[in-house]
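# Understanding the architecture of this molecule
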Amino acid sequence: MITKTKCSICDGSVEEIVDLGKCPPANNFVKKKNEMVNSYPLIVDFCNKCFCIQLRHCLSKNELYSYYTYSTPKIDSLADHYANLLKKLKKLGYAKKKQSCIEIGSNNGNLLKFLQPNFHKVLGVDPAANIAKIARNNGVETIIEFFSNDVADQISNEYNNFNVAIARHMFAHNEDPGELLSAMDKILDENGVFIIENAYAIDTFKNGEFDQIYHEHMFYFSALNITALMDKFDFELIDFEHAPVHGGSGVFICGKKGKHEIQRSVKDILEKEQEAFGDKKIFDNFKEKIEVTKKKTLKLIDNELNSNKIIGAYGAPAKAFTVFSYYGLSDKNISFCVDTTPTKIGKIFPEFNIPIISEEALSNVEYNTLIVNAWNYKEDILKKASSIFKKGTKLIFIIPNLEIYTVK
């Protein structure tokens, strides 16, 4: 574990935003209850100089990804998002048959499979062998490695440079994003574009999305700190879009300096963020909001249990680790957690001892109330709720606001 005392972008001093206590590494499930695991602090710091927002304690790659279980789902909201990304690429003059696309952190290859008909060549890079093999089996060529300078050299030797590079929800998963940018410089065409998509810092803190804070997320990106980071390399932010996926994501479109026209969206978003982060009230409001929601949710859970209701959870994403940890939940109040990911079903949340079952198994257990951890897929879940959950089930969403839906 690395403990950061200075800003990773400008080496300036940092100050604490929030301390959520200790939590085991997200997505690292265990096979049996009471299996011993290590827990680590979740503290987020802020740099007043370059607006970097970073996790103080960063775990090693092996600690985070040795037993990785996340597999990108196939759902309507993501399909729509992929279509919007493709539309944006075409508007910028990309996604042509003679061009190539590489995705860093390509997971099971769902995005590349969608983009494949629009490019001459697509290539994925992902370190999780069990997940990357799913992509390979689905016809998406994938290199099973951590993206690094050495891997970039290998790719550069074997392939021509890529016109489009994409890093969706993985760029924040590295304690030193500078190495990624250095490697990216080796494989991106001079006139190519590099798309970084991550949970957007404004949404995370404005909406009280405290469960976006877990050990994989070592940075919380905004246009301000992305610009500061790009300035250290031969890149610059050329366009910005906001996407609704994952509770609000920033799509940062970058290119090599001087090769592209800077879009008006960049100026607009930088001004908006200066206003939002300038007085740092956004962080004070964040802490107040998440504490109020925590008290309300725990009171609701106690009321349900006192009424002899059985409470489960729906969704076992990385975010659930932070929720269970910060709220102090365990198998004493949450009987089970439902998930659709084969690599998670049958496993146990470490420390919290909450077992994960399939949707199919839900019909064989007693329950009255479900805490929905996968709130970022709220519309998708509500759309199919009546076919999954029994009538009268209470679905509790805690983010961005505490809401209760009753299944009809």
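Residues numbered from 1 in each chain as written. Predicted model: local features only at pLDDT ≥ 70, side-chain atom pairs only at ≥ 80, totals over all residues. Heavy atoms only, no water.

## Describing the pattern of salt bridges
By the definition in use, this model includes 18 salt bridges. Note that E197 and R168 form a salt bridge whose closest N and O atoms lie 3.0 Å from each other. With E197 in strand β10 (residues 188–199) and R168 in strand β9 (residues 162–168), this residue pair connects regions lying 29 residues apart in the sequence. By the burial criterion, E197 is buried, and R168 matches it. (Salt bridge = Lys/Arg side-chain N within 4 Å of Asp/Glu carboxyl O. Helix = DSSP H or I, 4+ residues; strand = E, 2+ residues; numbered from the N terminus. Buried < 20%, exposed > 50% of the residue type's maximum accessible area, 1.4 Å probe, protein only.)

## Thoughts on helix α9 (residues 264–278)
Taking 1.5 Å per residue as the helical rise, α9 with its 15 residues ought to reach 21 Å, and the 21 Å between its terminal C-alpha atoms agrees with that figure. Residues V266, I269, E273 and F277 constitute the buried set of α9. Across the axial projection of α9, the buried residues extend over an arc of 75 degrees, all falling on one side. Summarising the geometry of α9, the exposed residues directed more than 90 degrees from the buried face are R264, E275 and G278. Lining the buried residues of α9 we find β3 (40–47), β4 (53–55), α7 (201–206), α8 (223–230), β11 (235–243) and α10 (281–306). (Expected span 1.5 Å × (residues − 1). Arc of directions from axis to C-beta. Contact = heavy atoms within 4.5 Å.)

## Here's the deal with the nonpolar core
F147, I155, F349 and F389 are the most contacted members of the largest nonpolar core, which totals 139 residues. Considering each element in turn, this core owes the most residues, 7 residues, to helix α11 (residues 318–327). Among residues more than four places away in sequence, those in contact with I155 are I102, L123, V125, I143, F147, F162 and I187. (Core = buried A, V, L, I, M, F, W, Y, C linked by side-chain atoms within 4.5 Å.)

## Re empty space enclosed by the protein
Applying the stated criterion across every chain yields a total of 1 cavity of 30 Å³ or more. If you add up the space inside the largest cavity, you get close to 40 Å³. Considered class by class, the residues forming the lining of the largest cavity number 4 nonpolar, 3 polar and no charged. (1 Å grid on protein atoms, 1.4 Å probe; cavity = no way out; pocket = protein on both sides within 12 Å on 5 of 7 lines; lining within 4 Å. Points joined across faces, edges and corners; volume = space filled by probe spheres on them. Nonpolar A, V, L, I, M, F, W, Y, C, P; charged D, E, K, R; others polar.)

## Considering unusual backbone geometry
One can expect most non-glycine residues to show negative phi and most peptide bonds to be in trans. Geometrically, the link from I399 to P400 is a cis peptide bond, its omega value of 0 degrees lying close to zero. Among the structural elements, P400 can be located in the loop between β17 (394–397) and β18 (403–406). For H246, which is not glycine, the phi torsion reads 55 degrees and is therefore positive. Structurally, H246 can be placed in the loop between β11 and β12 (249–256). Taking relative accessible area as the criterion, H246 reaches 14% and is therefore assigned buried.

## Here we look at the side chain of K294
Along the chain, K294 falls in helix α10. Despite its burial, K294 pairs with no opposite charge; the closest candidate is E291, at 4.5 Å N-O. In this structure K294 touches Y326 and Y327, once residues within four positions along its chain are discounted. (Lys, Arg positive; Asp, Glu negative; His and termini not counted.)

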